[in-house]
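What follows is the residue order along each chain.
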Amino acid sequence: MKRLDQVLANDGIPAELELIINHIMVACKDISYKLGQGELAGILGATEDENIQGETQKMLDVISNDLLKDILIANPAVKGVGSEEEDYTIAGNKDGKYLVTFDPLDGSSNIDVNLSVGTIFSILEAPQDDRTGDQQEVFLQEGRKQVAAGYVLYGPSDLLVMTTGNGVNIFTLDKNVGEFVLTKSGIQIPEDTAEFAINMSNQRFWEPEMKQYIDDCLKGEEGPLGKRYNMRWVASMVAEVHRILIRGGIFMYPYDSRDPSKAGKLRLMYEGNPMSMIVEQAGGASSTGRMDIMDVKPEGIHDRVPVVLGSKNEVAKVVAYHK
Ligand code: P6P
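Predicted model, so just to flag it, every value in this text is computed and none were measured.

1. Some remarks on the site of the ligand
Around the ligand sit 13 residues, and of these D106, N199, W233, M237 and Y253 come closest. Interatomic distance of 2.7 Å between a backbone N/O atom of M237 and an oxygen atom of the ligand. Among the residues forming the shell around the ligand, the class breakdown is 6 nonpolar, 3 polar and 4 charged.

Pasting the structure below:
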């Protein structure tokens, strides 16, 4: 089995980009170890602090964020980083060629109940001008500009799923040697599905178009969609996306009126965009319901976006409901 560094070398990606990915993996291997320690390490539970999202930070949110931030800011190829857990973007080397955004520990409400969580990362080329990485404007590029995107799913096994623009590969962490090894390549999401993932408790807050689509799913074979649907909800986007990569499905976190000022719950720069690059590279689709997520022009590093992604023919149906 090929190691990650061998695959990256074969992909012919620039050495600086390869080193950034390897540094992200160094941090993720440490996160994996700490998650595995759980109660033994005394690092479960919440801190007293809230992040800019208004969410209470878990201890492991902060630890994971610091691991990724510290190793990336020290990498001379990194002009700056943006994180779900940081109010502002952070400057690295002003001549760095790349920008990295990340959600250090997505799904962290699952940590204390020992369910799946993940790290999501996105890599952009940095504009070569005299702006520095603590100016968020240098990050505000559409998702189509990403040069790499990936996630690490901390589950029964720890998996790195990643693309550098030539398809999606899955690597499994061999904990005996501390290396990610290639275990699946050329992932293709089934084009059709009968399995949707959405938090149904928000149903009364959705737009009419989303209510109608889910209503029609629940009508089953007799309804306009003509098939019986199954439902999943793990409350961890990384786990949902992974399931969809392997067996198809559609994941939705739509706009809801609980906080009309927010376009949705999920964040564009370090959740929506990286997951959209992965899903599209695997033959799926990813939309706000009205446009491709990777065409959305960011206005801020913590912009939120409605998310409808997965099996392309099912995403097309949801988009049709929004026409
Ligand atoms: P809810 C985790 O907090 C997250 O950002 C995604 O990983 C997940 O899909 C979603 O929020 C879960 O949200 O409202 O069901 O807790």
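Having put the structure on the table, let's press on.
2. Things to note about the sheet that holds strand β7 (residues 148-154)
Reading across from one edge, β4-β3-β5-β6-β7-β8-β9-β10 is the order of the 8 strands in this open sheet, with mixed pairing throughout. Since the sheet does not close on itself, it has two edges, and those belong to β4 (90-91) and β10 (179-184), each with one partner. Bridge count for strand β5 (residues 98-106) against strand β6 (residues 117-125) is 7 bridges, and the pairing is antiparallel. If you follow D106 over to β6, its bridge partner there is G118. Sitting on the sheet, helix α5 (residues 237-247) is in contact with β5, β6, β7, β8 (158-163), β9 (168-174) and β10, with an inclination near 105° to β7.

3. Comments concerning the pattern of salt bridges
As a working rule, side chains carrying opposite charge can pair if their charged atoms are close by. Counted according to the given criterion, the structure contains 28 salt bridges. Here E191 ties to K312 by a salt bridge, and the two come within 3.7 Å at their closest N and O atoms. Placement of E191 in the loop between β10 and β11 (195-197) and of K312 in helix α7 (residues 312-321) is noted, with a sequence separation of 121 residues between them. Through salt bridges with shared partners, one network takes in E55, E84, R267 and E271.

4. Re the nonpolar core
Y151, L245, F251, M275 and L309 are the most contacted members of the largest nonpolar core, which totals 40 residues. Elements represented by at least two residues in this core include exactly β6, β7, β8, β9, α5, β13 (250-253), α6 (268-281) and β15 (307-310). The element contributing the most residues to this core is α6, with 7 residues. For this core, the domains that each give at least three residues are domain 1 (4-184) and domain 2 (195-322).

5. Digging into the sheet that holds strand β14 (residues 285-287)
Ordered by their spatial adjacency, 5 strands build an open sheet running β12-β11-β13-β15-β14, and the pairing between neighbours is mixed. The open sheet has two edge strands with one neighbour each: β12 (230-232) and β14. In this sheet, neighbouring strand axes are inclined to one another by 15° on average, regardless of whether the strands run parallel or antiparallel. Bridge count between β11 and β12: 3 bridges; the pairing is parallel. If you follow A197 over to β12, its bridge partner there is R232.

6. Focus: the packing of aromatic side chains
Applying the stated rule across the entire model yields 4 aromatic pairs. Centroid distance F196 to Y229: 6.2 Å. Interplanar angle 55°. Geometry classified as tilted. Pair noted here: F196 is in strand β11 and Y229 is in the loop between α4 (208-218) and β12, with a separation of 33 residues, a long-range link. Assigned by exposure class, F196 and Y229 land together as buried. A connected cluster of aromatic rings, assembled from ring pairs, spans W233, F251 and Y253.

7. Observations concerning α7
Listed in full, the buried residues belonging to α7 are E314, V315, V318 and V319. Down the axis of α7, the sector holding all buried residues measures 145°, keeping them to one side. Summarising the contacts, the buried residues of α7 are in contact with α4, β13, β14 and β15.

Calculation notes
- Residues numbered from 1 in each chain as written.
- Predicted model: local features only at pLDDT ≥ 70, side-chain atom pairs only at ≥ 80, totals over all residues.
- Heavy atoms only, no water.
- Near = heavy atom within 4 Å.
- Polar contact = N/O pair within 3.5 Å; in protein donor to acceptor, adjacent residues only side chain to side chain.
- Nonpolar A, V, L, I, M, F, W, Y, C, P; charged D, E, K, R; others polar.
- Pairing = 2+ DSSP bridges.
- Helix = DSSP H or I, 4+ residues; strand = E, 2+ residues; numbered from the N terminus.
- Contact = heavy atoms within 4.5 Å.
- Axes fitted to C-alpha atoms, helices over the stretch in contact; angles between N-to-C directions.
- Salt bridge = Lys/Arg side-chain N within 4 Å of Asp/Glu carboxyl O.
- Core = buried A, V, L, I, M, F, W, Y, C linked by side-chain atoms within 4.5 Å.
- Buried < 20%, exposed > 50% of the residue type's maximum accessible area, 1.4 Å probe, protein only.
- Domains from an automatic or database assignment.
- Phe/Tyr/Trp six-rings, centres within 6.5 Å; stacked < 30°, edge-to-face > 60°.
- Arc of directions from axis to C-beta.

Interpretation note: all reported values are geometric properties and have no functional meaning in isolation.
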